[in-house]
Amino acid sequence: MHYQTESWGPYNYPTSSTSPIGSSDPIERIERLASENAVVIFSVSTCCMCHAIKRLFCGMGVNPTVYELDEDPKGGKEIERALMMLLGTSSAVPVVFIGGKLVGAMDRVMASHINGSLVPLLKEAGALWL
């Protein structure tokens, strides 16, 4: 995975010294960030559901880019509010984008995994080769 801060486990982190999510309109930033990598997860570092979704993708052999919103003081809260608006929920994380398209929160990702539609999405996005 790609993270904003130091690496833990098999994940990769963005290493930019400036905030990767701190520019103009939050919806535009979400769209830009989601389209830059095959799998993007917006997360909060202390969220157990976020941890579970990251482990799911890593267990499948996928290397998602992860944006820990609580670790970005310059734009994390704005992104979190924008994600809540996009989802129409009171909880903003975890939110998963595959191939630049919004998959949704934990419930949608797990439903896709259970019904067998997650792997084809990952293959189509180039995140999974098997």
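Every chain is numbered on its own, with residues counted from 1 as its sequence reads. Given that the model is predicted, a residue must reach a pLDDT of at least 70 before its local features are reported, and side-chain atom pairs must reach 80 or more before they are shown or counted; all residues, however, enter totals for whole chains, interfaces and linings. Here the side-chain values reflect all heavy atoms present in the structure, with hydrogen atoms and water set aside.

Caption draft 1: Representation of the side chain of aspartate 72 within the structure. Helix and strand assignments come from DSSP, with helices taken as H or I runs of at least 4 residues and strands as E runs of at least 2, each series counted from the N terminus. When you line up the elements, aspartate 72 lands in the loop between strand 2 (65–68) and helix 3 (76–87). To sort residues, take the accessible area from a 1.4 Å probe on protein chains only and compare it with the maximum for the residue type: under 20% means buried, over 50% means exposed, and anything in between is partly exposed. His residues and chain termini do not enter the charge count, which takes Lys and Arg as positive and Asp and Glu as negative. Throughout this description, the term salt bridge denotes a Lys or Arg side-chain nitrogen within 4 Å of a carboxyl oxygen of Asp or Glu. Although buried, aspartate 72 forms no salt bridge, and the nearest oppositely charged side chain, arginine 29, lies 6.2 Å from it. Polar contacts, as used here, are pairs of N or O atoms within 3.5 Å; protein pairs need one atom able to donate a hydrogen and one able to accept it. Residues neighboring in sequence count only if both atoms are side-chain atoms. Side-chain polar atoms of aspartate 72 contact the backbone nitrogen of lysine 74, separated by 3.2 Å.

Caption draft 2: View of the pattern of salt bridges. In this structure the tally under the stated criterion is 4 salt bridges. Between glutamate 78 and arginine 29 there is a salt bridge; the shortest N-O distance is 2.5 Å. Here glutamate 78 is found in helix 3, whereas its partner arginine 29 is found in helix 1 (residues 26–35), with 49 residues between them in sequence. With a shortest N-O distance of 2.7 Å, glutamate 68 and lysine 54 are connected by a salt bridge. Of this pair, glutamate 68 sits in strand 2 while lysine 54 sits in helix 2 (residues 48–59), and the two are 14 residues apart along the sequence. Comparing glutamate 68 with lysine 54 shows no difference in burial state: the two are buried.

Caption draft 3: View of helix 3. Working rule for helices: expected span equals 1.5 Å times residues minus one. The first and last C-alpha atoms of helix 3 sit 16 Å apart over 12 residues, in line with the 16 Å expected at 1.5 Å per residue. Gly76, Ile79, Glu80, Ala82 and Leu83 are the residues of helix 3 that are buried. For helix 3, the angular spread of buried residues about the axis comes to 165°, placing them on one side. Facing away from the buried surface of helix 3 by more than 90 degrees, the exposed residues are Lys77 and Met85. On its buried face, helix 3 sits against helix 1, strand 1 (39–43) and strand 3 (95–98). Remark: glycine 88 follows helix 3 within two positions and exhibits a positive phi of approximately 70°. The arc in question is the one spanned by the directions pointing from the helix axis to the C-beta atoms. In what follows, a contact means two residues having at least one pair of non-hydrogen atoms within 4.5 Å.

Caption draft 4: Broad picture of the packing of aromatic side chains. When the centres of two rings from Phe, Tyr and Trp lie within 6.5 Å, Trp using its six-membered ring, the rings pair. Their planes under 30 degrees apart give stacked, over 60 give edge-to-face, and anything left gives tilted. Inspection of the entire model under this criterion finds 2 aromatic pairs. Arranged with centres 5.6 Å apart and planes meeting at 25°, the rings of phenylalanine 42 and tyrosine 67 form a pair that is stacked. Note that phenylalanine 42 is positioned in strand 1 and tyrosine 67 in strand 2, a separation of 25 residues in sequence. Looking at phenylalanine 42, the relative accessible area reads 0%, which means it is buried. The buried category is assigned to tyrosine 67, whose relative accessible area is 3%. Taken together, a centroid distance of 5.8 Å and an interplanar angle of 80° make the contact between phenylalanine 42 and phenylalanine 97 edge-to-face. Residue phenylalanine 42 is found in strand 1, and its partner phenylalanine 97 is found in strand 3; the two are separated by 55 residues along the sequence.

Caption draft 5: A look at the sheet that holds strand 3. Strand order in this open sheet of 4 strands is 2-1-3-4, and the pairing throughout is mixed. The two strands at the open ends of the sheet, each matched to only one other strand, are strand 2 and strand 4 (101–104). For this sheet, the mean inter-axis angle between neighbouring strands, taken without regard to orientation, is 25°. Strand direction decides the pairing type here: strand 1 and strand 3, joined by 4 bridges, are antiparallel. Each residue of the ladder has a partner; that of isoleucine 41, found in strand 3, is valine 96. Structural elements are reduced to axes, namely lines fitted to C-alpha atoms, with helices fitted over the stretch in contact, and the angle between N-to-C directions of any two is expressed from 0 to 180 degrees. Set on the sheet, helix 2 makes contact with strand 1, strand 2 and strand 3; between it and strand 1 the angle comes to about 165°. Strands strand 1, strand 3 and strand 4 of the sheet are contacted by helix 3, whose axis makes an angle of about 75° with strand 3. Any two strands between which DSSP finds at least two bridges are classified as paired.

By themselves these figures say nothing about function.
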